[in-house]
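Structural description and commentary
Here's the letter readout for the chains.
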Amino acid sequence: MNKKKAGLLLALAALVVSYVVLDLGRFLSLDYLKASQAAFDTLYAQKPLLIVAAYFAIYVATTALSFPGAVILTLAGGAIFGLWWGTLIVSFASSVGATLAFLAARFVLRDSIEARFGQRLAEFNRGIEKEGAFYLFTLRLVPLVPFFVINLLMGLTKMKAATFYGVSQLGMLAGTAVYVNAGTQLARLESLQGILSPALLASFALLGIFPLLARKVADALKRRQVYARWKHLRPDRFDRNLIVIGAGAGGLVSAYIAAAVKARVTLVEAHKMGGDCLNYGCVPSKALIKSATLAHQMQHGARYGLSDTPVSFSFRALMQRIHDVIAAIAPHDSIERYTSLGVEVLPGYARIVNPWTVEITLNDGGKQTLTTRAIVIAAGARPVVPPLPGLDEVGYVTSDTLWHEFATLDAVPKRLVVLGGGPIGCELAQSFQRLGAQVTQIEMGPRLMVREDAEVSALAQASLQTDGVQVLTGHKALRCEKSGDTKAIIVEHEGRQMRIEFDALLCAVGRVARLTGYGLEELGIPTTLPQGGTIETNEYLQTIYPNIFAAGDVAGPYQFTHTAAHQAWYAAVNALFGDFRKFKADYRVIPWATFIDPEVARVGLNEQQAKEEGIAFEVTKYSIEDLDRAIADSEAHGFVKVLTVPGKDRILGVTIVGKHAGDLLAEYVLAMKHGLGLNKILGTIHTYPTLAEANKYAAGEWKRAHQPTALLAWVRRYHDWRRG
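Below, the structure is looked at part by part. (Residues numbered from 1 in each chain as written. Predicted model: local features only at pLDDT ≥ 70, side-chain atom pairs only at ≥ 80, totals over all residues. Heavy atoms only, no water.)

What about helix H23 (residues 661–673)?
Here is the rule: Secondary structure elements are defined from DSSP: runs of H or I of at least 4 residues count as helices, runs of E of at least 2 residues count as strands, and each element is numbered from the N terminus. To estimate how far a helix should reach, multiply one less than its number of residues by 1.5 Å. Accessible area is worked out with a 1.4 Å probe on protein chains only. A residue is then buried under 20% of its type maximum, exposed over 50%, and partly exposed in between. It only takes one pair of heavy atoms within 4.5 Å for two residues to be counted as in contact.
With 13 residues, H23 extends 18 Å from end C-alpha to end C-alpha; this agrees with the ideal 18 Å at 1.5 Å per step. Taken together, the buried positions of H23 are Ala661, Leu664, Leu665, Tyr668, Val669, Ala671 and Met672. Elements that come into contact with the buried residues of H23 comprise strand E17 (591–594), strand E18 (599–604), strand E20 (639–644), strand E21 (651–658), helix H24 (678–682) and helix H25 (693–705).

So this is what it looks like as structure tokens:
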């Protein structure tokens with residue numbers, strides 16, 4: 001705590017002590033006020049400006065310091081100044097005092113509160129930014145809510161002081177007038193309880209409810225406005241309860257949930273069931289990684305006490321295995337399975353023609369038009385292809401097309417250029433290098449996997465380079481060239497150009513949501529950016545049309561299969577039952593992993609993100625080099641890094657680098673989701689010898705760093721005494 005904060009706290013403490021020691025509270029009682037009314041009236045008649053100034057200063061100080069007595073002072077305002085002047089003076093004095101309390105709480109407490117609860121406060125602050133004034137006004141209308149509590153809590157948010165002051169003055173005006181009016185009848189007042197009759201309390205409750213009702217009315221008018229040009233097309237009866245566009249993870253789960261609750265649901269998919277993950281992403285890439293890992297282990301058999309073995313294989317057979325893996329998993333996402341679950345599956349292209357009607361161009365050439373109460377858009381994403389001159393001339397593959405294109409090759413490309421240093425680029429670069437390609441990986445940014453901590457990026461780059469990948473960070477691709485059968489890419493680094501020849505070029509620079517082709521433009525559904533963004537949704541995953549939802553990559557903010565499935569639950573439930581209750585999508589604990597060797601897995605904050613957001617943290621790190629099972633497996637490299645609240649075992653985030661890091665992370669995901677700290681993990685029995693023990697040992701490192709040293713010194717003395 002800095003000197004200014006310490007000084008302010010000391011001053012506040014001194015004022016509180018003075019208030020208690022001098023028994024100043026006796027002047028803020030109803031009996032004292034009634035007994036002194038005549039004297040106050042005389043003073044006010046003699047020196048009106050002085051009395052107003054003194055009263056104003058005392059009221060501001062009492063409110064700013066959150067002392068009890070504001071009610072008595074408000075009554076005094078009515079008794080001394082009358083209804084109109086009393087209401088005016090008290091209104092300004094109470095608002096100024098409340099704002100000072102608001103600013104004091106912000107100055108003294110907000111930094112420390114944000115340091116401990118920054119992640120939780122972030123979502124709250126986003127809500128305050130959007131609708132904080134509305135909710136503050138509602139709270140101010142109901143005098144049963146202690147105003148000093150509102151002052152302090154709002155000071156911890158990012159609400160502007162001017163907004164707080166203006167809304168407070170307006171919101172407290174009704175309550176102020178009631179108490180000032182009671183003060184004008186001070187002689188008749190027997191107790192403070194007599195001010196608020198049941199009828200008056202009910203009136204205030206109605207006042208508090210009124211803004212909420214007004215909000216509902218405003219929302220209804222907004223809905224009516226957005227539907228206005230379509231209202232003549234709204235059917236009296238609907239063919240379906242829900243139509244889902246896209247059969248990736250988000251669409252499949254949405255349709256499954258709808259069928260499970262006996263809704264009539266249609267799922268439309270133009271291409272392959274299972275979407276990107278099954279056909280182009282997670283499944284084929286992990287099958288490739290497995291083959292590449294086995295080849296690498298055979299080539300380095302000496303690490304396991306065996307002989308290094310040159311690897312001989314058919315690249316066509318390897319690629320066929322990948323397609324066999326896809327085929328083995330495909331029945332889980334097949335038309336037959338979902339039909340058996342009660343989902344109508346239509347292969348074709350869907351187009352939303354109005355908020356309740358979807359036109360489907362079937363793959364067999366037919367057309368079908370269906371009406372529906374709700375729609376879930378789960379159209380997924382596609383690879384980004386950079387606008388490089390000459391790219392089309394030399395030819396390229398993406399993370400989507402390589403599985404088909406490479407399946408026709410007799411051998412792995414000898415020279416492969418991978419554009420992109422993100423998770424997809426790193427996974428594919430390492431795998432193809434291990435299978436015999438000479439891979440050059442080009443990343444425009446300063447390091448690979450830029451969203452991770454710098455030490456994680458360095459470890460990932462070192463691993464790829466050890467396998468033989470030529471990693472070029474800080475290199476910008478300028479153009480591609482073709483001369484006869486020779487293909488090359490020209491890159492720039494620190495002002496100098498470099499020419500890299502290749503046999504195949506893989507673009508892995510990211511993915512972008514599919515936003516065209518199914519009616520967003522015609523309906524005017526906004527996206528976050530004109531190009532390269534996502535569909536704009538609220539916290540319930542609704543678009544501007546409350547009956548049209550989005551889930552998965554097309555909605556953002558994450559492009560993970562498990563996040564798409566997670567969002568699908570909210571989209572489906574809100575679409576089907578939102579008239580009764582809606583659920584806000586919860587993104588507090590989202591895990592992800594990059595399946596290079598060693599794997600990189602993370603949940604919550606890392607150091608880089610915590611510093612950017614100004615969140616205080618402690619770091620606990622356990623090296624997997626010391627883990628028995630990792631040593632036995634000759635995989636003793638990597639670490640578990642845990643960020644916790646300073647001085648506490650509450651987990652803010654975890655990064656794991658090592659073998660099966662994605663699996664090891666699950667324990668921390670569970671702990672964070674259910675509020676379990678490192679002490680709980682430490683107290684859990686972990687099987688020996690397993691890689692999962694790394695989690696327990698990381699918790700042990702935290703415990704060791706937080707030993708009660710003073711207590712242990714006394715325990716040592718006790719044991720010394722016991723030995724005589």
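Quick word on the packing of aromatic side chains
Each aromatic ring pair is specified by the distance between its two centres and by the angle formed by the two planes. Definition in use: Each aromatic pair joins two rings of Phe, Tyr and Trp (for Trp, the six-membered one) with centres within 6.5 Å, and gets the label stacked for planes under 30 degrees apart, edge-to-face for over 60, and tilted for any other angle. Two limits define a charge over a ring: the Lys NZ or Arg CZ must be within 6 Å of the ring centre, and within 35 degrees of the ring normal.
With the rule as written, the count across this model stands at 15 aromatic pairs. Seen in terms of ring centroids, Tyr227 and Trp356 are 5.2 Å apart; in terms of plane orientation they differ by 25°. Their pairing is stacked. Taken together, the residues span a long stretch of sequence, with Tyr227 in helix H9 (residues 198–227) and Trp356 in the loop between strand E3 (344–354) and strand E4 (357–362) at a distance of 129 residues. On the accessibility criterion, Tyr227 (14% relative accessible area) is buried. When its relative accessible area of 5% is taken as the criterion, Trp356 is described as buried. Summarising the aromatic geometry, the rings of Tyr558 and Trp592 are spaced 6.3 Å apart at their centres and angled 35° between planes, so their arrangement reads as tilted. Pair noted here: Tyr558 is in the loop between strand E16 (548–550) and helix H20 (561–577) and Trp592 is in strand E17, with a separation of 34 residues, a long-range link. Per residue, the accessibility class of Tyr558 equals that of Trp592, and both read buried. Here the aromatic cluster, defined as three or more aromatic residues joined through ring pairs, consists of Tyr558, Phe560, Tyr587 and Trp592. Taking NZ or CZ as reference, Lys582 lies 4.6 Å from the ring centre of Tyr540, over its face. For the cation-ring pair, Arg717 lies above Trp714, with the distance from its terminal atom to the ring centre recorded as 4.5 Å.

Some details on the pairing of strand E1 (residues 240–245)
Spelled out, the test is: Strand pairing is assigned whenever DSSP identifies at least 2 bridges connecting the two strands. Call a crossover right-handed when, viewed with both strands pointing away from you, the route from the first strand across the helix to the second goes clockwise.
Most of E1 is tucked away: 5 of the 6 residues are buried. Taken together, the 5 bridges between E1 and strand E5 (residues 367–377) define a ladder with parallel strand orientation. Residue pairing across strands places Leu242 opposite Ala374, the latter belonging to E5. As defined by bridge partners, E1 adjoins strand E2 (residues 265–269) across 4 bridges and the pair is classed as parallel. Bridged to Ile245 within E2 is Val268. Each parallel crossover has a hand, and for E1 linked through helix H10 (residues 249–260) to E2 it is right-handed.

Remarks on the sheet that holds strand E13 (residues 496–502)
Working definition: the strands of a sheet are paired by backbone hydrogen bonds and lie parallel or antiparallel to each other. Our working rule: Where helices are involved, their axes are fitted lines through C-alpha atoms of the stretch in contact, as for all axes, and angles between N-to-C directions lie from 0 to 180°.
Across the sheet, 3 strands lie side by side as E11-E12-E13; this open sheet has antiparallel pairing. Here the strands that pair on one side only, and so sit at the sheet edges, are strand E11 (476–483) and E13. Taken pair by pair, the neighbouring strands of this sheet meet at an average axis angle of 25°, ignoring direction. Note that E11 and strand E12 (residues 486–493) share 7 bridges and pair antiparallel. In the sheet register, Arg479 faces E12, and the bridge partner there is Ile490.

As for the side chain of Arg240
Inclusion rule: Whenever a nitrogen or oxygen atom comes within 3.5 Å of another N or O atom, the pair is scored as a polar contact, on the condition that within protein one atom can donate a hydrogen and the other can accept it, and that pairs from neighbouring residues in sequence are kept only if both atoms are in side chains.
Positionally, Arg240 belongs in strand E1. Judged by its relative accessible area of 7%, Arg240 falls in the buried class. Engagement of the side chain of Arg240 in a polar contact is seen with the side chain of Glu344, the distance being 2.8 Å. If we ignore the near neighbours within four places in the chain, the residues touching Arg240 are Arg264, Val265, Thr266, Glu344, Gln368, Leu370, Thr371, Thr372 and Arg373.

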